[in-house]
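Chain residues, written in single-letter form:
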Amino acid sequence: MRNRLIDQIREDGFAVIDDFLTPDEVQELLQVGQNLHKDAPKEERKVFSAKADSKSAQSREQYFLESADKVRYFFEEGAVGENGELLVDPAIALNKVGHALHTEHPAFEEVTFSNRVKEVCWQLGFRRPAVAQSMYIFKNPGIGGEVKSHQDATYLYTEPSTTIGFWIPLEDATLQNGCLHFIKGSHKSGVHRRWIRNPDKGADELLVYDRPAPLYPQSNFVAVPVKAGSCVLIHSQAVHRSDANKSDRSRHAYTFHVIETEDCEYSKENWLQPAEDHPFPVLYERK
């Protein structure tokens, strides 16, 4: 397994592990996820935009910036009206919940710090891996938005580049409901742009891109449909995207990112910064 995983990530920029979770584990996480909307704040509904441009809430608000050690709730663009009222059923209104489910919710903590995750990190050569952030992504039927082509390193930049995403679908991810698409080998071309804390402290935008968006030919992408309970490992520089969910079936997924903390620098320009009293939790230390 080790050589296959390393070779595939090194060659393609991603790898799929089948049956990473048991059916019972999938059902437990799915049930928890389906109930997360009940805890969402009703007084101030924050909309998440996958475009992450200067007009989006996450570019302007501390609610997003200060979520490293908290559980925060983000709604779909089409789910909330001008006055904050819900336009759809609350059960399908959320885009995602993040970014500290791995420490603040027992069910997600159990999976994230499981021996399976530690074993994968060990095989990939991590010496002192830490979990930087986690998200529950809903991709609800009809309303689940497109995620534009991007690299995870744009948002979670380290030197050297070590970040690995663990993307675990809790329902089958298909062509119809918005499975991941990758450009194979795109991780070999460096980091194409970064989303950083705005050096202009007087600006409205707290976060800005340092370069224009690159253009990726759609013909370069390959679809990667996967079964519920599998795990897609994503190199931080692999270009990937997912289409809007136009189907009548949701595509719930749990995802988290692991970074190296030994001989590796996590950028202080990244949007996500650990709280002073809550450093990123370490999975293990290789002796």
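Residues numbered from 1 in each chain as written. Predicted model: local features only at pLDDT ≥ 70, side-chain atom pairs only at ≥ 80, totals over all residues. Heavy atoms only, no water.

## Regarding the sheet that holds strand β4 (residues 94-99)
Alright, step 1. In spatial order, the strands read β1-β13-β8-β15-β5-β4-β3-β2; together these eight strands make up an open sheet with mixed pairing. Where the open sheet ends on each side, the last strands, each with one partner, are β1 (14-17) and β2 (46-47).
Alright, step 2. Looking at chain direction, strand β8 (residues 164-169) and strand β13 (residues 231-235) are connected through four bridges and run antiparallel. For Phe166, the partnering residue across the bridge sits in β13 and is Leu233.
Alright, step 3. Along the sheet, helix α7 (residues 115-123) contacts β1, β5 (129-137), β8, β13 and β15 (253-260); its crossing angle with β8, the most-contacted strand, is approximately 145 degrees. (Pairing = 2+ DSSP bridges. Helix = DSSP H or I, 4+ residues; strand = E, 2+ residues; numbered from the N terminus. Contact = heavy atoms within 4.5 Å. Axes fitted to C-alpha atoms, helices over the stretch in contact; angles between N-to-C directions.)

## Considerations on the environment of Ala253
Alright, step 1. Within the element layout of this structure, Ala253 appears in strand β15.
Alright, step 2. With 211 residues separating them along the chain, Ala253 and Lys42 place their C-alpha atoms 24 Å apart.
Alright, step 3. When residues no more than four places from it in sequence are discounted, the contact partners of Ala253 are Met135, Tyr136, Ile137, Trp167, Ile168, Pro169 and Leu170.

## Considerations on α7
Alright, step 1. Taken as a whole, α7 has its buried residues at Val117, Val120, Cys121 and Gln123. For α7, the angular spread of buried residues about the axis comes to 165 degrees, placing them on one side.
Alright, step 2. Phi turns positive one or two residues past the end of α7, at Gly125, with a value near 95 degrees. (Buried < 20%, exposed > 50% of the residue type's maximum accessible area, 1.4 Å probe, protein only. Arc of directions from axis to C-beta.)

## Comments concerning helix α2 (residues 23-34)
Alright, step 1. Here α2 spans 16 Å end to end across twelve residues, near enough to the 16 Å set by a 1.5 Å rise per residue.
Alright, step 2. Among the residues of α2, Val26, Leu29, Leu30, Val32 and Gly33 are the ones counted as buried. Seen from one end, α2 has its buried residues packed into an arc of 160 degrees, which puts them on one side. Those residues of α2 that are exposed and aimed more than 90 degrees away from the buried face are Pro23, Asp24 and Gln31.
Alright, step 3. Buried residues belonging to α2 abut α6 (106-112) and β5. (Expected span 1.5 Å × (residues − 1).)

## Here we look at the confidence of the model for the chain
Alright, step 1. Averaged over all residues, the pLDDT of the chain equals 91, while 94% of them reach at least 70.
Alright, step 2. For residues 52-56, every residue scores under 50 in pLDDT, and the model assigns this stretch ten contacts once sequence neighbours within four places are set aside. (pLDDT = per-residue confidence, 0-100.)

## A closer look at the side chain of Glu171
Alright, step 1. Here Glu171 shows up in the loop between β8 and β9 (180-182).
Alright, step 2. Notably, Glu171 is buried but unbridged: the nearest opposite-charge side chain belongs to Arg249, and the N-O separation is 6.1 Å.
Alright, step 3. Reaching out from Glu171, the side chain makes a polar contact with the backbone nitrogen of Arg251 at a distance of 3.4 Å.
Alright, step 4. Apart from the residues lying within four places of it in its own chain, the contact partners of Glu171 are Leu30, Ala228, Ser250, Arg251 and His252. (Lys, Arg positive; Asp, Glu negative; His and termini not counted. Salt bridge = Lys/Arg side-chain N within 4 Å of Asp/Glu carboxyl O. Polar contact = N/O pair within 3.5 Å; in protein donor to acceptor, adjacent residues only side chain to side chain.)

## Comments concerning the sheet that holds β9
Sheet strands pair via backbone hydrogen bonds, and the direction of the pair is either parallel or antiparallel.
Alright, step 1. Pairing is antiparallel in the open sheet, where four strands are placed in the order β6-β14-β9-β12. The open sheet terminates on both sides in strands that have one partner only, identified here as β6 (147-150) and β12 (222-224). Direction aside, neighbouring strands of the sheet carry axes that sit 25 degrees apart on average.
Alright, step 2. In this structure, β9 lies alongside strand β14 (residues 240-242), joined through three bridges in antiparallel fashion. Bridging across to β14, His181 finds its partner in Arg241.

## A closer look at the pattern of salt bridges
Alright, step 1. Tallied over the entire structure, the rule returns ten salt bridges.
Alright, step 2. Among the salt bridges present, the one from Arg127 reaches Glu262, with a minimum N-O distance of 2.9 Å. In this pair, Arg127 sits in the loop between α7 and β5 while Glu262 sits in the loop between β15 and β16 (265-266), placing the two residues 135 residues apart along the sequence.
Alright, step 3. Given the relative accessible area of 35%, Arg127 is considered partly exposed.
Alright, step 4. The exposure class of Glu262 is partly exposed, given its relative accessible area of 30%.
Alright, step 5. Salt-bridge contacts for Lys227 lead to Asp172; the nearest nitrogen and oxygen are separated by 3.7 Å. Placement of Lys227 in the loop between β12 and β13 and of Asp172 in the loop between β8 and β9 is noted, with a sequence separation of 55 residues between them.

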